[in-house]
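# Architecture at a glance
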Amino acid sequence: MASPLDIAKVRANFPGIASGFIFADNAGGSQSCKQVIDGVTDWLTNTNAQLGATYSVSAVATKRASEGPEAAAKLFGAASADEITLGYSTTQNYENLGRALDESIKTGDEFILTGEHEANVGTWKKLAQRRGAVVKFWPVSLLEPNNPYSVTYKTEDLLPLITSHTRIVAFSACSNILGSITPVKEIVQAIRSKAKDVGAQKVEISVDCVAYGPHRKIDVVDWDVDYAALSFYKIYGPHNAALYTRSSVLKSSVTKLSHHFLPTEDNGYMLAPGGHGYELAYGSAKIIDYLLSLAPTLSEAWDAIAEYEQTQLVVPLLQFLTSEELWNRGVRIVGDAKPGPSRAPTVSFVVTGEKPLKSQFVVEEVDKAGNIGIRYGHFYAYKVVSDLPNMDIKDGIIRVSLVHYNTLEEVNNIINVLKKILL
């Protein structure tokens, strides 16, 4: 079957991969496309001026900087760029959000969290501590009884946690460890229905889209969420990030963090204590140009990316790691071992059994082979990883994380190196 993507054309857009090095740590940060690189360079070369002045270069710079929030709104599927806050990282954006919610949280309010990436966990724990709220954790379930590492989050385990005191529910659209893609819309509908049944007066939902954004189309309006986050540097952009806050929530729940004299009420800039990197904002806007070079619309581009990743990356890698030979060797997938539409090409595993291997050892052996970059650790999903059986949190799990500029040939190279180490 022909690939939905012209992979040679795709790869030509990423100067960083021209060396032939196999980047397989993309969940930590992707390569930047040339459109973004050119945009950042263009800004610094031609419009590196402060915003808001009357002289000509500043006027151009001001217009260009506004393209960053506009691009983020498109990536989120948001109604307006006024719902966007830019910052240097998702963790920073969530920390600012938590501070802005201080006055909206009461003693006894309940937060339901997962054990996934700390960006969408830590800020809520700290907010709860400051305001006397109660933290509950959505427990994991097993997908396969014979694999204690096959953890996932199921809606039926979440709903009993919702009470009349529930105020915040926070989870990820895709796990950066498990690689599972969450049915966000279905979960949000279930949360809101249960909250209504139990009399919860105000429930706001935060969805971390950082690990989802490189692989699928985000749609915060259709999902009916209140907060969402993405990191441009994991979607082929520069090292900055964006936060979505629903317009009605900006008016009703958060307090202003920006300077008191700035007219930022009721727009995303109120959640930014200071300015963001203007050259990064302009560079981020060029992600849209890259995606539209793949297909006529963003939706079609994301569909093509998803299909390519599934057939060329997910299927062959999982087939190898779940083979009978590797199962007998003690290799266990962390999360869902089955390919399909709900599986991203972020694949984690451990080596257990009679002759277990440290994750660090496996990765360092891959390093010795040269030309391949994978990684071990907890990847800031500290609770999910630390709760796994017999887990040394300093060692963590092995993660191979791919995106659509990776190739089947690269996957086969990774497989051949792993064979020599594991068998």
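Provided above is the structure to which this section pertains.
Residues numbered from 1 in each chain as written. Predicted model: local features only at pLDDT ≥ 70, side-chain atom pairs only at ≥ 80, totals over all residues. Heavy atoms only, no water.

## Some points on the pattern of salt bridges
Here the structure, examined in full by the defined rule, presents 22 salt bridges. Notably, a salt bridge pairs R167 with E204, separated by 2.9 Å at the nearest N-O pair. Note that R167 is positioned in strand 7 (residues 166-172) and E204 in strand 8 (residues 204-208), a separation of 37 residues in sequence. You'll find R167 and E204 in the same group, each marked buried. For D226, the salt bridge is made with R192, and the minimal N-O distance between the two is 3.0 Å. In this pair, D226 sits in the loop between helix 8 (220-223) and strand 9 (227-231) while R192 sits in helix 7 (residues 184-198), placing the two residues 34 residues apart along the sequence. Each of the salt bridges in this network shares a partner with another, and the network as a whole consists of R192, D224, D226 and R246. (Salt bridge = Lys/Arg side-chain N within 4 Å of Asp/Glu carboxyl O. Helix = DSSP H or I, 4+ residues; strand = E, 2+ residues; numbered from the N terminus. Buried < 20%, exposed > 50% of the residue type's maximum accessible area, 1.4 Å probe, protein only.)

## A look at the sheet that holds strand 12 (residues 346-351)
Taken together, the four strands give an open sheet; going across it, the order is 11-12-15-14, and neighbouring strands pair in antiparallel fashion. The sheet is open, and its two edges are formed by strand 11 (331-334) and strand 14 (375-377), each paired on a single side. Averaged over all pairs of adjacent strands, the angle between their axes in this sheet comes to 35°, without regard to strand direction. Sheet topology places strand 11 next to strand 12; four bridges connect them, and they run antiparallel. By the bridge assignment, V334 is partnered in strand 12 with S348. Packed onto the sheet, helix 11 (residues 298-321) meets strand 11, strand 12 and strand 15 (397-401) and runs at close to 10° relative to strand 12. (Pairing = 2+ DSSP bridges. Axes fitted to C-alpha atoms, helices over the stretch in contact; angles between N-to-C directions. Contact = heavy atoms within 4.5 Å.)

## Some points on the nonpolar core
F76, F171, V225 and F349 are the most contacted members of the largest nonpolar core, which has 110 residues in total. When residues in this core are grouped by element, the largest group, 12 residues, is from helix 11. Counting residues in hydrophobic clusters, the runner-up holds 23 residues, among them A119, A133, L243 and M270. (Core = buried A, V, L, I, M, F, W, Y, C linked by side-chain atoms within 4.5 Å.)

## With respect to the sheet that holds strand 3 (residues 110-113)
Ordered in space as 2-10-9-8-7-3-4, the seven strands form an open sheet in which the pairing is mixed. Because the sheet does not close on itself, it has two edges, and the strands there are strand 2 (84-87) and strand 4 (134-137). Averaged over all pairs of adjacent strands, the angle between strand axes in this sheet comes to 15°, irrespective of strand direction. With five bridges joining them, strand 9 and strand 10 (residues 241-245) adopt antiparallel strand pairing. Directly across from A229, in strand 10, lies its bridge partner L243. Helix-sheet contacts for helix 3 (residues 56-76) involve strand 2, strand 9 and strand 10, and the interaxial angle to strand 2 is about 115°.

## Some points on the packing of helix 2 (residues 34-46) against helix 3
Where helix 2 contacts helix 3, the two axes come as close as 11 Å, and the packing angle between them is 160°. Considering the angle they form, helix 2 stands roughly antiparallel to helix 3. Here the hand of the crossing between helix 2 and helix 3 comes out left-handed. Seen from helix 2, the contacting residues are D42, W43 and N46; seen from helix 3, they are V57, A61, R64 and A65. Looking at the contact of helix 2 with helix 3, its residues break down into four nonpolar, one polar and two charged. (Parallel < 35°, antiparallel > 145°, perpendicular 65-115°, else oblique. Left-handed = near helix turned anticlockwise from the far one by under 90°. Nonpolar A, V, L, I, M, F, W, Y, C, P; charged D, E, K, R; others polar.)

## Comments concerning the packing of aromatic side chains
Here the structure, examined in full by the defined rule, presents 15 aromatic pairs. Ring geometry for F14 against Y236: centres 5.8 Å apart, planes inclined by 75°, an arrangement best described as edge-to-face. With F14 in the loop between helix 1 (7-12) and strand 1 (22-23) and Y236 in the loop between strand 9 and strand 10, this pair connects stretches of sequence that are 222 residues apart. The burial state of F14 is the same as that of Y236; both residues are buried. A ring pair is formed by F14 and Y405, whose centres lie 4.7 Å apart and whose planes are at 50°; its orientation type is tilted. In this pair, F14 is assigned in the loop between helix 1 and strand 1 and Y405 in the loop between strand 15 and helix 15 (408-422), connecting sequence segments 391 residues apart. Y405 gets classed as buried once you look at its relative accessible area, which sits at 1%. (Phe/Tyr/Trp six-rings, centres within 6.5 Å; stacked < 30°, edge-to-face > 60°.)

Function-wise, these values are silent; they only describe arrangement.
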